[in-house]
Amino acid sequence: MGKHEVGTPKWISNKIKSKGLQKLRWYCQMCEKQCRDENGFKCHTSSEAHQRQLLLFGENPGEYLRDYSKQFEKAYTDILKRQYPGKRVHANVVYQQYIGFKEHIHMNSTCWVTLTSFVKHLGRSGKAIVDETEKGWFVTWIEKDFETMEHEKKLAKKDKLAKDDDERVREYIDAQIEKAKAEEKNTEVHEATELMKAEDEVVKLDLKMQDKKLKEDTKSDLKNVFKDLSKGDKKRDSKDDGSGKRKKSALEEIMEEEKRRRKMQKPVGDSGQTADSTSSGAPWLTKGIVVKIVAKSLGEKYYKKKGVVKELLDDGYVGLVVMNDTGAKLKLDQEHLETVIPQEGRDVVILSGKFRGEIAVLRKIDTEKFSGVLKLDSGDKITLPYEQFSKKYAP
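Notes on the structure follow. A quick note: this is a predicted structure, and the numbers were derived from the prediction, not measured.

**Remarks on the overall build of the protein chain**
Working step 1: Of regular secondary structure, the protein chain possesses ten helices and 15 strands.
Working step 2: Looking at the protein chain as a whole, 25% of its 395 residues qualify as buried.

**Brief notes about the packing of aromatic side chains**
The relative placement of two aromatic rings is captured by the distance of their centres and the angle of their planes.
Working step 1: Here the structure, examined in full by the defined rule, presents nine aromatic pairs.
Working step 2: Plain terms: the ring middles of Phe 72 and Tyr 95 are 6.5 Å apart, the flat faces sit at 55° to each other, and that makes the pair tilted. Of this pair, Phe 72 sits in helix α4 (residues 61-83) while Tyr 95 sits in helix α5 (residues 91-99), and the two are 23 residues apart along the sequence. Residues Phe 72 and Tyr 95 agree in their burial class; the two are buried.
Working step 3: Note on Tyr 76 and Phe 118: the rings are 4.9 Å apart at their centroids and 85° apart in plane angle, and the pair reads as edge-to-face. Residue Tyr 76 is located in helix α4, and its partner Phe 118 is located in helix α6 (residues 115-124); the two are separated by 42 residues in the primary sequence. Here the two residues Tyr 76 and Phe 118 agree in accessibility, since each one is buried.
Working step 4: One aromatic cluster is present, formed by Phe 72, Tyr 76, Tyr 95, Tyr 98, Trp 112 and Phe 118 through successive ring pairs.

**Focus: a nonpolar patch on the surface**
Working step 1: Taken together, the side chains of Val 169, Tyr 172, Ile 173 and Ile 177 make up a nonpolar region of the molecular surface, amounting to roughly 390 Å² of accessible area.
Working step 2: Mapped onto the fold, Ile 173 is located in helix α8 (residues 165-186).

**Digging into the pattern of salt bridges**
Working step 1: Across all of its chains, the model carries four salt bridges by this definition.
Working step 2: Residue Asp 78 is joined to Lys 81 by a salt bridge in which the shortest nitrogen-to-oxygen separation is 3.8 Å. Placement of the pair is Asp 78 and Lys 81 together in helix α4, with a separation of three residues, close to one helical turn.
Working step 3: Each of the salt bridges in this network shares a partner with another, and the network as a whole consists of Lys 74, Asp 78 and Lys 81.

**Observations concerning the pairing of strand β14 (residues 381-385)**
Working step 1: In the sheet, strand β13 (residues 371-375) pairs with β14 via five bridges, with the strands oriented antiparallel. Within the sheet, the bridge partner assigned to Val 373 lies in β14 and is Thr 383.
Working step 2: Hairpin connection from β13 to β14: five residues lie between these consecutive antiparallel strands, with Gly 379 at a positive phi of about 100°.

**As for the nonpolar core**
Working step 1: Among the nonpolar cores identified, the biggest contains 25 residues, and Phe 72, Tyr 76, Tyr 95 and Leu 115 are the most heavily contacted of them.
Working step 2: Of all the secondary-structure elements, those providing two or more residues to this core are α4, α5, α6 and β5 (136-141).
Working step 3: Apart from residues no more than four positions distant in its own chain, Phe 72 is found in contact with Tyr 95, Tyr 98, Ile 105, Met 107, Thr 110, Trp 112 and Phe 118.
Working step 4: Within the second largest apolar cluster, 16 residues are counted, among which are Trp 284, Ala 295, Tyr 302 and Leu 332.

**Focus: the sheet that holds strand β15 (residues 389-391)**
Working step 1: The strand order across the open sheet built from five strands is β14-β13-β12-β11-β15, with neighbouring strands paired in antiparallel fashion. Every interior strand has two partners, whereas the edge strands, β14 and β15, have only one. Adjacent strand axes in the sheet meet at a mean angle of 45° when their direction is disregarded.
Working step 2: Pairing of strand β11 (residues 347-350) with strand β12 (residues 359-366), which is carried by three bridges, proceeds in the antiparallel orientation. Paired with Asp 347 across the strands is Val 361, a residue of β12.

**Here we look at the sheet that holds strand β4 (residues 128-133)**
Working step 1: As summarised here, the arrangement of the three strands in space is β3-β5-β4, forming an open sheet in which the pairing is antiparallel. Looking at strand neighbours, the two that pair on one side only are β3 (88-90) and β4, the edges of this open sheet. Direction aside, the axes of adjacent strands within the sheet are offset by 30° on average.
Working step 2: Here six bridges tie β4 to β5, and the two strands are oriented antiparallel to one another. Bridge pairing in β5 places Thr 133 opposite Gly 136.

Parameters at a glance
- Residues numbered from 1 in each chain as written.
- Predicted model: local features only at pLDDT ≥ 70, side-chain atom pairs only at ≥ 80, totals over all residues.
- Heavy atoms only, no water.
- Helix = DSSP H or I, 4+ residues; strand = E, 2+ residues; numbered from the N terminus.
- Buried < 20%, exposed > 50% of the residue type's maximum accessible area, 1.4 Å probe, protein only.
- Phe/Tyr/Trp six-rings, centres within 6.5 Å; stacked < 30°, edge-to-face > 60°.
- Patch = residues over 30% accessible without salt bridge, like charges linked within 9 Å, V, L, I, M, F, W, Y side chains within 5 Å.
- Areas by Shrake-Rupley, 256 points an atom, 1.4 Å probe, with all protein chains shown as cover.
- Salt bridge = Lys/Arg side-chain N within 4 Å of Asp/Glu carboxyl O.
- Pairing = 2+ DSSP bridges.
- Core = buried A, V, L, I, M, F, W, Y, C linked by side-chain atoms within 4.5 Å.
- Contact = heavy atoms within 4.5 Å.
- Axes fitted to C-alpha atoms, helices over the stretch in contact; angles between N-to-C directions.

What follows is the structure in structure tokens.
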């Protein structure tokens with residue numbers, strides 16, 4: 001028999017009968033259907049639609065229980081924090097307001113069997129303060145929003161993961177120092193004692209050493225060391241020539257070809273030195289110039305990053321470089337650095353030759369010859385390769 005049409009007497013009669021709460025034992029949560037009597041509930045449980053819902057529930061019962069429990073808890077706590085914020089109220093009073101809504105989630109479909117077990121869950125989770133008296137359980141909602149607490153936990157976790165590498169290294173060093181101190185405490189301390197000997201006894205120390213053998217041993221050790229070094233260089237060269245070598249880019253091949261051509265021609269500039277004088281072994285670092293790090297061993301944090309040379313060490317071969325972006329200070333050899341070519345019209349510092357240390361203005365950049373035209377303070381113009389000048393630091 002189909003449903004009665006809207007507005008008919010039978011439809012109005014059914015609506016009047018279904019108005020308000022019905023018996024809980026005749027309610028089906030899966031189908032969300034309330035039956036008025038035992039016979040109607042029996043007919044519903046034997047229907048095809050109910051059987052399909054039971055099959056769905058049987059596939060994953062835990063997921064349905066968690067979903068119903070979450071909806072029940074959210075609706076209950078919403079009433080608690082909206083109508084009784086920070087007030088002590090009987091748990092059953094809130095529950096009666098909750099079940100006043102006809103389409104509410106029934107407790108027998110959640111993971112809590114009784115209201116007492118649900119109230120204890122609120123106390124354990126820290127969402128409310130619960131206490132038991134002779135009149136029953138009372139709950140007090142905590143003013144701090146639980147969602148705000150979760151958000152603060154996520155922010156703290158994010159800050160912990162975003163720690164700087166320097167801080168991690170510093171923490172590691174401190175931990176190693178503490179570990180070394182603890183080991184020193186555990187080690188045994190040997191105290192010096194008096195020498196026990198007779199009055200007439202003479203103490204003799206036999207320290208005869210064969211100088212010839214020692215010299216031969218040192219010579220043989222030195223020979224072996226140099227042999228090992230040469231072997232290591234050969235192995236390193238063989239590794240570099242292997243298949244694991246990184247493929248060079250077109251720009252790097254052009255630069256290497258240009259360097260080989262310069263070495264073959266050996267042009268002499270105004271300074272009386274060859275074009276590759278900066279790479280021949282002489283120190284070229286100068287205070288106040290901008291350089292770029294080319295050592296991949298320092299990691300992506302510093303590779304291809306720029307800094308300023310603040311101080312020179314080891315006869316000018318090592319410089320104290322202050323990074324532009326982080327302000328970190330690094331001691332780097334000049335082999336791990338390269339010059340920085342600014343835009344035309346900017347000041348540069350000459351690094352080698354007769355005009356070493358002088359400040360000039362970059363007038364033109366020749367990308368084909370990898371050189372630049374510089375104008376000195378005297379008005380003269382000279383042409384130098386990229387390796388012999390670098391950008392001047394302007395704070």
